[in-house]
Every structure is written in structure tokens, then in C-alpha cells.
Amino acid sequence: MRQQLRSRRAPTFPHGYRYRLDDQDEVNQNYLADEEEEAEEEARVMRVPNLEEEEKEEEQKEEEEGQGQPTGNTWWQKLQLMNEYLWDPEQRMSLARTGLILVIYFFFYASLAAVITVCMYTLFLTISAYMPTFTERVKPAGVMIRPFAHSLNFNFNVSEPDTWQHYVISLNGFLQGYNDSLQEEMNVDCPPGQYFIQDGNEDEDKKACQFKRSFLKNCSGLEDPTFGYSTGQPCILLKMNRIVGFRPELGDPVKVSCKVQRGDENDIRSIHYYPESASFDLRYYPYYGKLTHVNYTSPLVAMHFTDVVKNQAVPVQCQLKGKGIINDVINDHFVGRVIFTLNIET
Amino acid sequence: MVGGFSILLWVGAILCWIAYGIEYSNDPSSSLDNVYLGAVLALVVVLTGIFAYYQEAKSTNIMASFSKMIPQQALVIRDAEKKTIPSEQLVVGDIVEIKGGDQIPADIRLLSSQGCKVDNSSLTGESEPQSRSCDFTHDNPLETKNIGFYSTTCLEGTATGMVINTGDRTVIGQIASLASGVGNEKTPIAIEIEHFVHIVAGVAVSLGIIFFIIAVSMKYPVLYSIIFLIGIIVANVPEGLLATVTVTLSLTAKRMAKKNCLVKNLEAVETLGSTSIICSDKTGTLTQNRMTVAHLWFDNQIFMADTSEDHSNQIFDQSSGTWASLSKILTLCNRAEFKPGQESLPIMKKTVVGDASETALLKFSEVILGNVMEIRKRNRKVAEIPFNSTNKFQLSIHETDDPNDRRFLMVMKGAPERILEKCSTIMINGQEQPLDESTAKAFHTAYMELGGLGERVLGFCHLYLPADEFPETYSFDIDTMNFPTSSLCFVGLLSMIDPPRSTVPDAVTKCRSAGIKVIMVTGDHPITAKAIARSVGIISANSETVEDIAKRLNIAVEQVNKWDAKAAVVTGMELKDMSPEQLDELLANHSEIVFARTSPQQKLIIVEGCQRLGAVVAVTGDGVNDSPALKKADIGIAMGIAGSDAAKNAADMVLLDDNFASIVTGVEEGRLIFDNLKKTIAYTLTKNIAELCPFLIYIIVGLPLPIGTITILFIDLGTDIIPSVALAYEKAESDIMNRKPRHKKKDRLVNKPLALYSYLHIGLMQSLGAFVVYFTVYTQAGFRPSTLIGLRLEWEKDDVNDLEDSYGQEWTRYQRQYLEWTGYTAFFVAIMVQQIADLIIRKTRRNSIFQQGLFRNKVIWVGIASQIIIALILSYGLGSITALNFTMLRAQYWFVAVPYAILIWVYDEMRKLFIRLYPGGWWDKNMYY
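Residues numbered from 1 in each chain as written. Chains lettered and ligands numbered in written order. Predicted model: local features only at pLDDT ≥ 70, side-chain atom pairs only at ≥ 80, totals over all residues. Heavy atoms only, no water.

Under an unreviewed UniProt entry, the name given to chain B is Sodium/potassium-transporting ATPase subunit alpha, and the organism recorded is Trichechus manatus latirostris. UniProt, in its Catalytic activity (unreviewed entry) section for chain B, records the words "K(+)(out) + ATP + H2O + H(+)(in) = K(+)(in) + ADP + phosphate + 2 H(+)(out)". (UniProt positions renumbered as here; feature names shortened; annotations may be inferred.)

Under an unreviewed UniProt entry, chain A has the name Sodium/potassium-transporting ATPase subunit beta and belongs to Trichechus manatus latirostris.

Below, the structure is given as C-alpha cells:
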């Protein structure tokens with residue numbers, strides 16, 4: 001068997017061995033390609049091999065048999081290179097070297113990681129946990145509506161509860177946090193019409209003002225558990241995005257007003273707002289951040305579309321109004337305004 | 001150009017479009033980024049292609065201007081009428097007339113000839129004019145005297161001939177088509193680029209697949225994972241590199257053109273640098289291509305003449321009376337004359353009418369004696385026998401310029417032995433002495449010695465004709481020779497050689513120290529070839545040929561062990577009898593080889609032999625018949641002045657001044673560009689990781705995307721282009737001409753340490769630095785890293801307009817988008833800042849930056865300035881154009897990455913320090929690229 005193997009390999013040997021004799025590491029050195037040396041080397045290669053071949057062959061035979069017939073030169077070379085990589089009989093250190101490389105890389109990356117950790121740590125040292133460093137990206141405030149159903153098209157058929165049931169569920173879920181009992185238990189009833197400013201250390205817990213579900217009256221879902229959807233008079237809740245430290249300017253509360261965005265103004269004949277002021281009371285500002293202002297409850301304005309043209313898509317735009325309120329950013333349709341369509345079928 | 005590269009980019013472009021196709025089929029509103037990216041990739045390939053084509057076309061144009069394309073005319077007898085027609089209209093059977101100065105318009109068989117001589121050098125390499133007659137003298141058409149070949153020149157006389165072959169069927173045409181048949185080998189740089197593409201593609205595909213698997217196992221939909229896979233592969237494509245490499249090569253080509261190496265094929269720029277064997281012509285390349293007086297022998301002494309290009313200092317003893325006589329013979333027995341109207345030119349530059357040796361003598365005497373024409377005028381010529389090959393001498397009779405001397409002076413020059421035969425006396429120290437045995441022996445020794453130097457030796461003698469026998473009115477008859485031509489007075493010998501160009505010995509020494517073997521291939525006589533080889537150092541002073549050893553040991557040539565000899569002079573005849581194996585053996589075992597008396601066709605055999613040894617071979621050539629060898633060689637170098645058009649077409653490079661030394665400067669440039677390309681590639685590859693990591697992190701950790709495709713393009717094709725080209729201007733770190741030529745298989749352009757160091761060391765450091773900036777931006781805006789992790793899905797939902805950050809603030813989609821773009825810009829700036837450090841560290845591979853000099857390469861600073869300016873424009877100038885995804889970045893974010901840039905620089909200085917401290921050590925082997 002061994003003899004056979006050898007004879008079959010014979011023609012490929014000089015090549016394979018040449019690879020092996022060249023110290024792998026020298027590969028990247030700028031040393032000479034001297035024809036003479038190479039010729040000599042080749043001659044040497046032809047003569048020397050069979051000494052170490054025996055030991056190598058033991059290891060190789062198994063691999064080779066697993067491999068079946070060596071399909072050609074390249075396979076054979078690859079096999080040999082692979083073998084060398086694991087254990088180089090000339091150097092007797094290949095695997096150890098790989099280990100060394102791993103250790104060095106380990107230390108290199110470990111120290112990099114340390115550097116990065118230190119950097120990130122110093123970064124966090126400069127950053128307040130209570131107040132973001134810059135808030136200009138999150139301003140001006142965005143606006144969002146509930147029920148939230150992955151789409152701003154409210155399409156439903158009054159007589160088919162299946163088409164609006166999920167709005168009701170969504171609203172109910174959303175308003176759980178506004179339940180009167182919960183609000184009374186957790187939050188304080190603070191005086192309306194003025195900022196609820198809480199001085200003191202940054203890290204002190206802040207109190208939050210109550211916003212009771214009952215403030216929403218007909219849209220609270222307390223009297224009409226379907227929030228008007230069953231009668232074709234849907235309630236939609238609007239909230240302003242929270243921004244730490246945001247205060248409406250000059251003590252002028254932000255108002256909400258909705259109208260038909262495009263088309264006939266009279267498509268919407270009446271909207272009821274709850275609270276009736278259609279505004280976010282000043283007492284809900286400022287917001288101190290979620291770390292200390294744990295129970296903060298975003299104020300809401302509910303729009304009750306009591307008389308909307310049926311069986312037709314009505315685009316509605318609700319805007320915030322007030323001093324210093326921006327609601328006409330071209331790229332962002334959710335800053336200071338929100339646009340949705342109502343399509344109520346009967 | 002750089003084929004593999006453009007394929008890589010094409011594949012990238014197509015993958016991009018496929019990815020968009022997949023995205024589009026899922027969601028018709030998906031972003032067009034991938035389409036843009038694909039288009040940009042395609043555009044890069046096309047533009048680079050056009051640029052490279054333009055560059056190469058420009059060199060071709062320069063070449064075209066060399067050969068003044070005058071449409072060739074032929075004088076043909078048709079319908080018993082002489083007509084001039086363009087030579088391509090000739091047909092077989094036409095009778096054409098040619099006269100001196102014409103180019104022969106087709107292969108013709110001569111019907112009549114009057115003293116017709118042709119120059120067949122472009123065909124056979126033989127520079128001597130050959131006479132043509134109507135007689136059939138040889139079976140071989142190339143040898144027989146009655147055939148004139150297309151494109152050779154008729155030097156003198158007239159002839160009539162019948163066209164026997166036209167166009168491609170002519171001998172020249174066949175050789176030219178042979179040349180086009182020789183396969184075009186891949187240039188070494190193309191192989192290197194291919195290797196590099198393999199590495200990049202390997203990294204890209206394996207990374208892609210790993211992350212595809214990770215993505216699938218993270219429960220991403222398979223379609224998404226495929227898009228990720230494509231994204232990763234495309235992110236690995238170095239978009240800017242193709243352009244950079246092309247520009248770099250053409251910059252070098254330009255630089256080389258300034259040094260008289262006109263490169264036709266951009267890739268050949270580097271080939272010259274990896275050349276390990278140069279097969280050089282002798283005449284014109286190594287030598288000045290003009291006969292020059294090298295030695296004189298008179299008064300029993302050999303004197304050396306100055307053979308440098310300007311002959312400025314002739315130091316031999318000019319006080320002897322013999323010299324006075326000899327100089328008189330030199331000036332008088334010479335038919336060569338300066339062409340009128342070039343008084344302002346230095347003597348050596350003046351054009352002369354006359355053959356090579358006479359020209360040499362004329363110039364020699366003009367330099368030493370001054371106005372030769374004036375001297376000739378004062379010594380009026382009364383009779384003359386021109387040189388011919390049967391007489392082998394030339395004779396003329398003059399009146400003397402001494403008004404008291406009524407005698408005629410007969411002067412004669414010719415083959416030394418013929419001259420000596422005619423002499424009975426010899427002039428020593430101005431005194432005539434009888435020519436005895438010992439002086440004859442001295443003559444022979446000198447003759448042999450000069451002949452042994454490979455020089456053409458001429459003998460000179462004179463005789464004052466007695467005034468009583470030859471009165472002033474005597475009429476000399478050349479045909480009957482009514483004057484004595486024996487018992488003359490021998491004056492001296494003079495030998496001539498085509499001397500080496502003065503810059504060549506230095507250039508050869510440089511080649512030798514650069515590990516480049518110089519082989520001389522010439523049609524000349526072996527002795528001449530060997531002499532020139534010795535004088536330029538192709539055969540070094542202390543090495544011997546087999547013949548030398550035999551002579552020294554006084555044994556027969558056959559007894560010498562031929563491997564003892566370092567040098568070998570091989571003639572064409574010997575080469576003809578050699579088998580390829582013997583030739584290989586010869587080439588491998590002798591370091592100094594001269595091939596003499598070779599036919600140009602044998603050049604091809606020699607080139608192939610060298611290539612079998614694995615050498616990168618440069619070949620010089622000028623004749624048409626050299627073109628197959630030029631084509632076959634790894635780099636064919638044609639002569640700009642002496643070269644034929646066919647040779648220039650076949651060559652990759654044209655040597656504008658025909659000077660061997662220019663090749664060596666070309667080699668230097670080629671080596672430098674290889675080193676600098678390494679630096680460029682290392683520089684370019686580094687940021688690839690910094691561009692790729694964000695995407696990987698995005699997939700795995702779910703952060704909002706740190707850097708977008710368009711932003712990456714602005715790095716690859718914007719800020720990084722000029723700096724990477726600037727690296728091409730970097731000076732060599734050490735004397736690159738003291739290195740051996742790089743080994744084709746071992747010294748790769750992109751090797752393991754380069755890839756590892758760029759990707760895993762500097763690249764990773766860059767990514768970390770950039771991520772710190774990214775996190776700084778997000779954290780300061782309200783999103784702490786802990787919040788960001790896994791936020792990707794929510795973040796990217798268009799209908800979520802109240803996403804909470806770490807402080808409980810709520811963000812609309814567009815606000816997040818804008819923050820994301822700010823993140824892109826910050827990441828971009830961070831990479832840019834760290835690329836500045838990368839650029840500075842890439843200036844050297846081994847030396848410290850301070851050894852190299854921070855300010856020596858000004859272009860680097862232009863590059864850095866361009867980086868910063870482009871980034872500033874993108875952020876502050878175009879920050880409001882949302883399509884570009886740049887925003888106006890707060891000023892402090894520009895400086896966050898600076899410490900990391902410094903860290904990179906310090907780390908690399910340490911790497912270089914260890915390499916210098918422990919050369920050959922483990923660190924050197926693994927960290928030096």
C-alpha cells in the first residue's frame with residue numbers, strides 16, 4: 001500500500017515539497033528569486049525527501065483515505081498545506097505558533113476593548129442621566145394619535161363590529177394607564193393653568209399630575225365602551241410627543257384643532273374636543289425624564305367626530321396651535337400635526 | 001485594464017441590482033440606494049476604462065508621431081509607361097524600379113541591378129549594407145542576392161525588379177503576423193491584481209455566508225438574509241481602488257516617459273519593476289552606435305583614445321613625429337565629409353557623409369587637429385583609389401602644404417596585414433627605420449592585442465614620391481597604377497570600436513546589485529561582443545568564460561568543467577544545436593551570458609528559455625524580426641530612434657533615447673510603484689472594515705444603521721481617492737535597487753500580513769473609533785447604547801412616530817431618520833479622521849515616519865487637505881440636501897475620533913519599531929507587509 005501510494009505520488013512530489021521546504025514565513029520577505037538557488041533546491045528536493053516521508057505518510061494516509069483518491073495536484077497541495085499548518089515536522093512548532101498568534105490577538109483585542117471601555121466610560125461621565133445633552137433633534141414636538149393600528153386610515157363599517165373592534169381594544173388598552181383610580185393613587189392633583197415646576201435636585205423623584213380618563217368624557221369609553229365607533233362617531237385621541245424640559249411658550253397652552261385637509265370643509269360638520277379647552281394644560285409641563293418622572297402621564301386631547309360625511313374617505317389634519325409651535329415642517333408630517341383619513345361606512 | 005478588478009466591480013453592481021429586485025418584489029417603496037450603488041459601481045468601471053484607454057491612446061499617439069507616416073510610393077512600369085502609384089496597389093508581376101534612398105515597396109526579384117546595395121538590418125539584424133544582383137546565389141530566399149525585401153531600404157545604386165509577394169505574404173508581413181500570433185502573457189501586475197481580487201472576494205463571500213447563517217439563525221426572513229448577504233459582499237468591494245490603481249499607474253507612466261521610457265500598456269509599468277532578466281541588444285542600446293577610434297599604435301606603443309560621447313580629452317602623446325605623419329594620413333586618406341550647414345553643432349553631433357569607419361576617423365582627426373576640410377584643401381588631392389573589398393586598402397595622392405616641398409605624398413590605409421606587406425620601412429619617433437623581424441613582431445603583437453579587444457584595426461602608411469620621378473605635372477592613372485604601391489613607410493595602427501554608452505556600465509552595475517541578470521544578444525562577432533560585454537560589465541572583470549579558463553590553465557576547451565565558468569559567450573551556431581534543456585541549463589548556470597552571431601529569430605528562443613526558468617524577461621529590439629520576441633517577452637522594449645514600426649507596435653514600452661540606462665531608471669520606477677501600490681491597497685482596504693462592521697453590527701445587535709451606502713460611496717470615491725493616489729508619490733524607503741527582483745510567487749502585492757494587518761488591526765481600530773463617535777452622537781441626543789440594542793425594528797417602522805428614547809422622550813420617524821443621518825455623518829467624519837492617520841502610517845512599511853520625513857511628500861498633504869475639505873463641504877455645504885444623507889454636524893464631533901487616529905499612529909510606529917529592532921524575527925515575518 002505504502003509503495004503504491006508513493007509511486008502514485010511521485011510526480012507531484014517536487015512541487016509539494018518545494019512548498020514545504022520554503023519556510024512559510026519567508027513568503028513575505030523580500031528575498032531573492034534566484035534561479036540558481038531554486039534549481040539547486042529542486043535538485044535537493046529530489047534527493048532528500050524519503051527520510052521524513054515515512055513519518056509524514058502515517059498522518060497523511062488516513063486523511064487521504066478519507067479523501068478517497070486525490071483528485072489532483074491542487075487537492076494534494078491543499079491537504080499538505082493544511083497538514084503543515086497543524087503540525088510542521090521541520091519546524092516542530094506550527095500549532096504552537098498558531099497558539100502564539102491567538103494569544104497575541106487576544107491581548108491586542110483585550111487592550112482595544114479596554115481602551116474603548118475607558119472611552120465609553122468617560123463619555124457616560126459627561127452625560128447626565130436626567131437631562132439629554134442635546135434636544136434639538138427631537139424638537140419641535142411630534143404628534144401621534146390613538147388608536148394606533150399601523151395605519152392612519154380609519155376604515156370601518158358601523159354595522160360590522162369586526163371592522164372597528166380592534167380600535168376599541170387598542171383605545172381601551174391605551175387608556176388603562178389613565179384609569180381614574182390609578183391616577184388618583186399614583187399622581188397628585190395639581191393646580192391647572194400653571195407649570196408644575198418641581199425644584200430640587202436632579203436625582204429627586206418627581207411627582208406627576210393626574211390626567212384622568214374621565215377628563216375625556218364621551219371619549220373616555222366609560223359611558224360608551226365602543227368610543228363612538230358603533231354609532232359612526234369615532235373618538236380619536238391625540239398626544240404630543242414628550243420632550244424633556246419642554247414648556248409651551250409664555251404660559252399659553254397648546255391647542256388642538258382639526259379640519260378637513262383637502263376637499264370640502266363641510267365633510268366634517270362637527271368635532272367635539274375633550275377636555276373642552278382642546279388644549280394640553282400647562283400643569284403637565286415640564287417633563288423631567290423617565291428616570292425621575294416615573295409616573296408622568298402624557299396629557300391627551302380627544303377628538304370626537306360626531307358628524308362626518310359617511311361612505312367617503314375624508315382626509316383630516318389635526319394641528320397643534322400655540323406660540324412657538326411649528327406645524328409645517330415639509331419633510332416631517334408628524335411634527336405639530338397629524339394627518340389621517342376617516343372612511344366610515346354605514 | 002486590470003481585468004479581474006472590473007469584473008469584481010461588475011459583479012458588485014449586478015448583485016446590487018439583484019438585491020434591489022428582491023426588495024422591490026417585497027415592498028415596492030423600498031429605497032433606491034442599491035440601484036444607485038450599482039449604477040455608481042458600473043460608472044466607476046466605465047470611467048476608469050475610458051481613462052485607461054485615453055492614457056494608452058496618448059502613448060500610442062506619441063509613438064505614431066515618431067514614424068512619419070508618408071504614404072509609400074512605388075515607381076512601376078505598367079503598359080510600357082512609368083507610373084508612380086501607392087505601394088499597396090502593387091500586384092504580383094508588376095515591374096518596379098528602385099533607386100538609392102527608396103524603400104523597397106514589396107518583395108521583389110531583381111531583373112537588373114547597377115551597384116545596388118540594400119540595408120537589410122530591419123529584417124536580419126545585419127547592419128552592413130548588402131549588395132544585390134540578379135544572380136541566384138542561395139536556396140534560402142533570405143540569403144540569395146537577387147531578392148529585395150519589402151520595407152528594407154536601398155542604400156545606393158538602382159535596380160529593376162518584379163514583384164513576387166505583397167502585403168502579408170511578404171517576408172516581413174509573415175514575421176509581423178507571427179508576432180501577432182504569439183500569445184499575450186498576463187502581466188505580473190494583472191496576476192497580482194487577480195490574486196488581490198481573489199482575496200477580497202474570498203473575504204467578502206465567506207463573511208457574507210457566515211452572516212447569512214447568523215441572520216437566518218436569528219430568525220430573519222431568508223429573503224432579508226439574502227439581501228444582507230449581498231450587502232456584505234458589495235460592502236467589501238473597494239470601489240475606489242480600480243480608479244486609484246489606474247491613476248497611479250498612469251502617473252508613473254508619465255514619470256517614466258519623462259525619463260525616456262514611453263509605456264504603451266499601463267500594466268507594463270510595474271512589469272519592468274519585477275524584471276529579473278534583461279535581454280539587451282548591443283548596437284545602439286549598450287553602445288553609442290557609431291564607430292569611434294579607441295586605440296592607436298605607433299612608436300611601438302599602444303595609446304588609448306577617449307571614446308566617451310564627446311571625445312573631449314585625448315590624452316595620448318601627440319608630440320612624436322610619427323603622430324604628425326599618422327594624423328596627416330588620417331585626414332587625407334579619408335573620403336568622408338561633414339554635411340554643410342552645421343557649423344554650430346559640436347563635432348560629435350555633426351552628420352557625416354561616408355561610411356562608419358571613415359566617419360570615426362574624420363571626427364577623431366577633427367577633434368584633435370581642428371579644421372580637417374581646411375587641411376585637405378591645403379593638401380590638394382591629385383589621385384585616389386577608393387576602398388574595395390578585393391584591394392582591402394584605400395589610397396590617395398596629395399600635394400603637400402609645404403610650398404618648398406615639391407614632392408607628392410601618397411597615403412594609404414587598409415587591412416593591417418595588407419598594408420604591412422606593402423611596407424619596407426617603419427616610422428619610429430618620426431624617423432624612418434627599416435622594417436625588421438622585431439618590429440614586425442611588435443606589429444603583430446599589437447595587431448593581435450587590438451583585435452582581441454574586438455576592435456576593427458586599420459593600418460596606415462605613406463610614401464613621399466620623389467620629386468624627380470613624379471614632377472608636379474605628373475598625371476596619375478588609377479587604373480594602370482603608374483606609381484609605386486610597395487616599399488612604403490608603415491606609420492601606425494588605429495583601431496575602432498562602437499564604444500559603450502558612458503552611462504551603461506553604471507546601469508549594468510545597478511542591474512547587478514538589483515539582482516537583474518543582463519544578457520547581451522547581438523548579431524556581432526563573439527570577440528567584439530565579449531569585449532563590449534566586458535567593458536560595460538555584463539561580463540564582470542573577474543569572471544571567466546570556458547575559453548578563458550582553458551587559456552589560463554593551458555588545456556583544451558573540452559577539458560574545462562563548464563560550470564566553473566561564470567560567464568559564457570554563446571554563438572548562434574552553438575545555440576542552433578542546443579536542445580531546450582541544454583539552453584535552460586546554460587541560462588541557469590551562467591550568471592553572465594553573451595549571445596553573439598545570433599539571428600534575430602533566435603532571440604525568441606532565448607526569451608522562451610528565460611521564461612521557462614520562471615524569470616520575468618525584458619527584451620529590447622528594433623528590427624521587424626524582433627517583434628515576436630518583443631511580444632513574447634514579459635515586457636518588450638522597442639527602440640524609439642532605431643526601432644521599426646513593427647517592433648514599436650509589438651512592444652509594451654518604447655525607449656525614446658535607445659539607451660540601456662533608461663531601462664534601469666524604468667526598473668526603479670516599476671519597483672517603486674509596486675511598493676507604493678501595496679501602500680495604496682493597504683490604505684484602501686483598511687477602511688473597508690470600518691465600513692463593513694456597522695452593517696454587521698446592524699444585523700446582529702440591531703442598532704440603527706451607523707453608516708449608509710451613499711455615505712460609504714462618498715468615502716470610497718470622495719475623500720479617499722486623492723490620498724490614495726498621493727501615496728504613489730511616496731519616495732522609496734530604502735535603496736530599492738539593492739533588492740533582488742520580487743519573486744513572482746512569493747512577493748505578492750497583497751499578502752497575508754497586509755490583509756490581516758489592514759483588516760484585523762488598523763481596520764478594527766478604525767471601526768471602534770468610529771463607533772465611539774456614533775455612540776457619542778446617539779447618547780448625547782438621548783439614545784444610550786443600552787436602549788439602542790435591538791431597537792432597529794422599531795426604529796425603522798415608518799408608522800411609529802412616538803418612539804421612546806432613554807429619557808422617555810418620543811421621536812417621530814423623521815426625527816429618528818435625521819438623527820440616523822447625523823450618525824452617518826459622524827461615522828463618516830470619524831473614518832475620515834482616522835484615514836488621515838492611516839494615510840500617514842502607510843507612508844512607510846518599515847521605517848519610522850520621522851525617518852521618511854513627514855513633509856517630503858507634499859502630495860500627501862494635498863490629499864489630507866482634500867479629505868478635510870470634501871468632508872466639510874459634504875457636512876456643511878450639502879448638509880441640507882436630504883438625498884445625500886449628510887447633516888450639519890456639531891463641531892465637537894469632528895474631534896472625537898482624533899485620539900483614535902493618534903492611537904493608530906502610535907500603534908503602527910510600534911509595529912515598525914519592532915520590525916526594525918528584530919529583523920527576520922517573528923514579528924517581522926507576521927507584521928511586515
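So, next bit.
A. Here's a closer look at the interface of chain B and chain A. Each partner contributes residues to the interface: chain B has 59 residues there, and chain A has 59 residues. Surface buried jointly by chain B and chain A totals about 5400 Å² across both partners, of which 56% is contributed by carbon and sulfur atoms. With a shortest N-O distance of 3.0 Å, Asp802 of chain B and Arg146 of chain A are connected by a salt bridge. If you look at where chain B meets chain A, you find 22 residue pairs in polar contact (both at pLDDT 80 or more). Contributing elements (two or more residues each) for the side of chain B that touches chain A: α25 (752-781), β28 (810-811), α28 (813-841), α31 (898-917) and α32 (922-927) of chain B. Counting residues per element, the side of chain B that touches chain A draws most heavily on α25 of chain B, which supplies 13 residues. A class-by-class count of the residues in the side of chain B that touches chain A yields 26 nonpolar, 20 polar and 13 charged. (Contact = heavy atoms within 4.5 Å. Buried area = accessible area lost by both parts, 1.4 Å probe. Salt bridge = Lys/Arg side-chain N within 4 Å of Asp/Glu carboxyl O. Polar contact = N/O pair within 3.5 Å; in protein donor to acceptor, adjacent residues only side chain to side chain. Helix = DSSP H or I, 4+ residues; strand = E, 2+ residues; numbered from the N terminus. Nonpolar A, V, L, I, M, F, W, Y, C, P; charged D, E, K, R; others polar.)

B. Focus on the confidence of the model for chain A. All names here are of chain A. With 72% of its residues at a pLDDT of 70 or more, chain A shows a mean pLDDT of 75. Taking the mean pLDDT of every element in chain A, the minimum, 37, falls on helix α2 (residues 13-21) and the maximum, 91, on strand β3 (residues 235-240). In this model, residues 1-71 is a region of pLDDT below 50 whose contacts with residues beyond four sequence positions or in other chains number 95 contacts. (pLDDT = per-residue confidence, 0-100.)

C. Local environment of the UniProt feature "transmembrane region" (unreviewed entry) in chain A. UniProt marks residues 100-124 of chain A with the feature "transmembrane region" (unreviewed entry), using the numbering shown here. Helix and strand shares over residues 100-124 of chain A are 100% and 0% respectively, and the end C-alpha atoms of the span are 36 Å apart.

D. Broad picture of the state of the cysteines. All names here are of chain A. Summed over all chains, the structure comprises 3 disulfides over all chains. Note on cysteine connectivity: Cys219 is disulfide-linked to Cys235, with sulfurs 1.8 Å apart. Its S-S torsion of approximately -75° makes the covalent link between Cys219 and Cys235 left-handed. Residue Cys219 is located in the loop between α8 (180-186) and β3, and its partner Cys235 is located in strand β3; the two are separated by 16 residues in the primary sequence. Summarising the burial analysis for this pair, Cys219 and Cys235 share the class buried. Here Cys258 pairs with Cys318 through a disulfide, and the sulfurs are 1.9 Å apart. Around the S-S axis, the bridge from Cys258 to Cys318 shows a dihedral of about 110° and counts as right-handed. Taken together, the residues span a long stretch of sequence, with Cys258 in strand β4 (residues 254-260) and Cys318 in strand β8 (residues 313-321) at a distance of 60 residues. Residue classification places Cys318 among the buried positions, given a relative accessible area of 0%. For chain A, the bonded cysteines connect in the pattern 1-2, 3-4, 5-6 when numbered consecutively along the sequence. (Disulfide = S-S within 2.5 Å. Buried < 20%, exposed > 50% of the residue type's maximum accessible area, 1.4 Å probe, protein only.)

E. Structural context of the domain arrangement of chain B. We note that the domain assignment places domain 1 (73-181), domain 2 (261-287 + 501-658), domain 3 (292-492) and domain 4 (670-927) within chain B. Between the C-alpha centres of domain 1 of chain B and domain 2 of chain B there is a distance of 31 Å. (Domains from an automatic or database assignment.)

F. The arrangement of the sheet that holds strand β9 (residues 277-281) of chain B in detail. All names here are of chain B. Read from one edge to the other, the open sheet built from 8 strands follows the order β8-β26-β25-β24-β9-β21-β23-β22, with strand pairing classed as mixed. Pairing within the sheet leaves two strands with one partner each, and these edge strands are β8 (261-263) and β22 (567-571). Adjacent strand axes in the sheet meet at a mean angle of 20°, parallel and antiparallel pairs treated alike. Along the sheet, helix α15 (residues 526-536) contacts β21 (517-521), β22 and β23 (592-596); its crossing angle with β23, the most-contacted strand, is approximately 145°. (Pairing = 2+ DSSP bridges. Axes fitted to C-alpha atoms, helices over the stretch in contact; angles between N-to-C directions.)

G. How the structure looks around the pairing of strand β17 (residues 423-428) of chain B. Residues and elements named next belong to chain B. A large share of β17 lies buried, amounting to 5 of its 6 residues. Where β17 meets strand β18 (residues 431-434), 4 bridges bridge the pair, whose relative direction is antiparallel. Within the sheet, the bridge partner assigned to Ile428 lies in β18 and is Gln431. Taken together, β17 and the strand that follows it, β18, pair antiparallel across an intervening segment of 2 residues, in which Asn429 is found at a positive phi of about 50°.

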